Amino acid sequence: SCLGDCLGSHRAYIGVSLKHHCRSVQWRVDAAGLIAAECRSLRSFPMSVLSRLFRPRPNPRDALRPLWHRVVEIAREKEWYSRHRVADTVAGRFDMIAAVLSMVLVRMESDPDLVAPSVYLTELFVEDMDGQLREAGVGDVVVGKHIGRQMSVLGGRLGAYREGLEQGDGVLSEAVSRNISLLEPSDSAALAAALRKLAQDIAATDPQELLAGNIAR
């Protein structure tokens, strides 16, 4: 009958529609599963790859901090200021840091394996001076000029002490009298002898021990 034909056609239409609907639902389910899987993958990706890509690299200067701290420690030894009459002032303490650092740098530049670390040690000197200047209230514009001046001073003193260590006590004593703030009366020759002894102690130190800041006194 016409009604039967209509119902049959309608059932066929519904069947086709349901089949397409089920396929659509299955596709969406599959797509959702893929998206969820991708999301899970993306959540784990930063931990496994991005964290390695963007992890802060170790600062190579950090390995030299023990040696820098030892330089400062030696420069602050009381004997320099009491026995050898170095002025216990900001200028005098800076002079002794520059002197002790120069003794260390002379040693490091004689060993090819220590040349690169010596650069990082010098950078720590700059970093420390920069921090002290800022704590003293020196502004950003002026800090750079001060650091440049201090680096120039360090370079000049390193050259003078290197020459003194190579050429003899008289030359080293003259370098000391020119570059270290001394109280009167003072004996620059005795201070030069103490610095030479320090240089000998540093020269006798194993390279790895030196990098670790282990300078026997």
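Residues numbered from 1 in each chain as written. Predicted model: local features only at pLDDT ≥ 70, side-chain atom pairs only at ≥ 80, totals over all residues. Heavy atoms only, no water.

(A) Representation of the pattern of salt bridges in the model. Under the criterion given, the structure shown has 14 salt bridges. Put simply, Asp62 and Arg65 hold a salt bridge, and the shortest N to O gap is 2.8 Å. By relative accessible area, Asp62 is classed as partly exposed at 40%. Across the pair Glu127 and Arg65 runs a salt bridge whose closest N-O atoms are separated by 2.8 Å. Pair noted here: Glu127 is in helix H5 (residues 112–135) and Arg65 is in helix H2 (residues 65–75), with a separation of 62 residues, a long-range link. With relative accessibility at 23%, the residue Arg65 sits in the partly exposed group. (Salt bridge = Lys/Arg side-chain N within 4 Å of Asp/Glu carboxyl O. Buried < 20%, exposed > 50% of the residue type's maximum accessible area, 1.4 Å probe, protein only. Helix = DSSP H or I, 4+ residues; strand = E, 2+ residues; numbered from the N terminus.)

(B) Spotlight on the side chain of Asp201. Here Asp201 shows up in helix H8 (residues 188–203). Relative accessible area serves as the criterion here: at 19%, Asp201 is assigned to the buried category. Here Asp201 is in contact with Ala216 and Arg217, once residues within four sequence places are set aside. (Contact = heavy atoms within 4.5 Å.)

(C) Summary view of the packing of aromatic side chains. In total, this model carries 2 aromatic pairs according to the counting rule given. Centroid distance Trp68 to Phe125: 6.1 Å. Interplanar angle 75°. Geometry classified as edge-to-face. Placement of the pair is Trp68 in helix H2 and Phe125 in helix H5, with a sequence separation of 57 residues. Taking 6.1 Å as the distance between ring centres and 45° as the angle between the ring planes, the aromatic pair formed by Phe94 and Phe125 counts as tilted. Of this pair, Phe94 sits in helix H4 (residues 90–109) while Phe125 sits in helix H5, and the two are 31 residues apart along the sequence. Judged by its relative accessible area of 15%, Phe94 falls in the buried class. A relative accessible area of 1% places Phe125 in the buried class. An aromatic cluster of three or more residues is present, and its members are Trp68, Phe94 and Phe125. (Phe/Tyr/Trp six-rings, centres within 6.5 Å; stacked < 30°, edge-to-face > 60°.)

(D) Main features of the confidence of the model for the protein. Chain-level pLDDT for the protein is 80 on average; 70% of the residues reach the 70-or-more range. Low pLDDT (under 50) marks residues 1–29, which in the prediction has 0 contacts with non-local residues, meaning those over four places away or in another chain. (pLDDT = per-residue confidence, 0-100.)

(E) Region of interest: H8. The end-to-end C-alpha distance of H8 is 22 Å, a good match for the 22 Å that 16 residues give at a rise of 1.5 Å each. Within the span of H8, buried status applies to Ser188, Leu191, Ala192, Ala194, Leu195, Arg196, Leu198, Ala199, Asp201 and Ile202. Put simply, Asp187 is the residue that caps the front of H8, since its side-chain oxygen is 3.1 Å from the backbone nitrogen of Ala189. (Expected span 1.5 Å × (residues − 1). Polar contact = N/O pair within 3.5 Å; in protein donor to acceptor, adjacent residues only side chain to side chain.)

(F) Summary view of the packing of H4 against H8. Two numbers describe how H4 lies on H8: the axes approach to 9 Å, and their chain directions differ by 40°. Here H8 runs oblique to H4, going by the angle between their axes. Of the two elements, H4 crosses H8, and the hand of that crossing is right-handed. The segment H4 lies against H8, with Met96, Ala99, Val100, Met103, Val104 and Arg107 engaging Leu195, Leu198, Ala199, Ile202 and Ala203. Partitioned by chemical class, the residues of the contact of H4 with H8 number 10 nonpolar, no polar and 1 charged. (Axes fitted to C-alpha atoms, helices over the stretch in contact; angles between N-to-C directions. Parallel < 35°, antiparallel > 145°, perpendicular 65-115°, else oblique. Left-handed = near helix turned anticlockwise from the far one by under 90°. Nonpolar A, V, L, I, M, F, W, Y, C, P; charged D, E, K, R; others polar.)

(G) Molecular detail of the nonpolar core. Membership of the largest hydrophobic core comes to 48 residues, with the highest contact counts inside it found for Trp68, Trp80, Met96, Met108, Leu121, Ile180 and Leu195. Examining the composition of this core, we find that 12 residues originate from one element, H4, more than from any other. Ignoring any residue separated from it by four or fewer positions in sequence, one finds Ile180 in contact with Val86, Asp95, Met96, Ala99, Tyr161, Leu191 and Leu195. (Core = buried A, V, L, I, M, F, W, Y, C linked by side-chain atoms within 4.5 Å.)

(H) Spatial organisation of unusual backbone geometry. Cis geometry marks the peptide bond from Glu184 to Pro185; its omega dihedral reads -5°. The residue Pro185 is located in the loop between helix H7 (169–179) and H8 in this model. One non-glycine residue, Arg85, lies in the positive phi region at around 65°. Within the fold, Arg85 resides in the loop between helix H3 (78–82) and H4. Given a relative accessible area of 28%, Arg85 falls into the partly exposed group.

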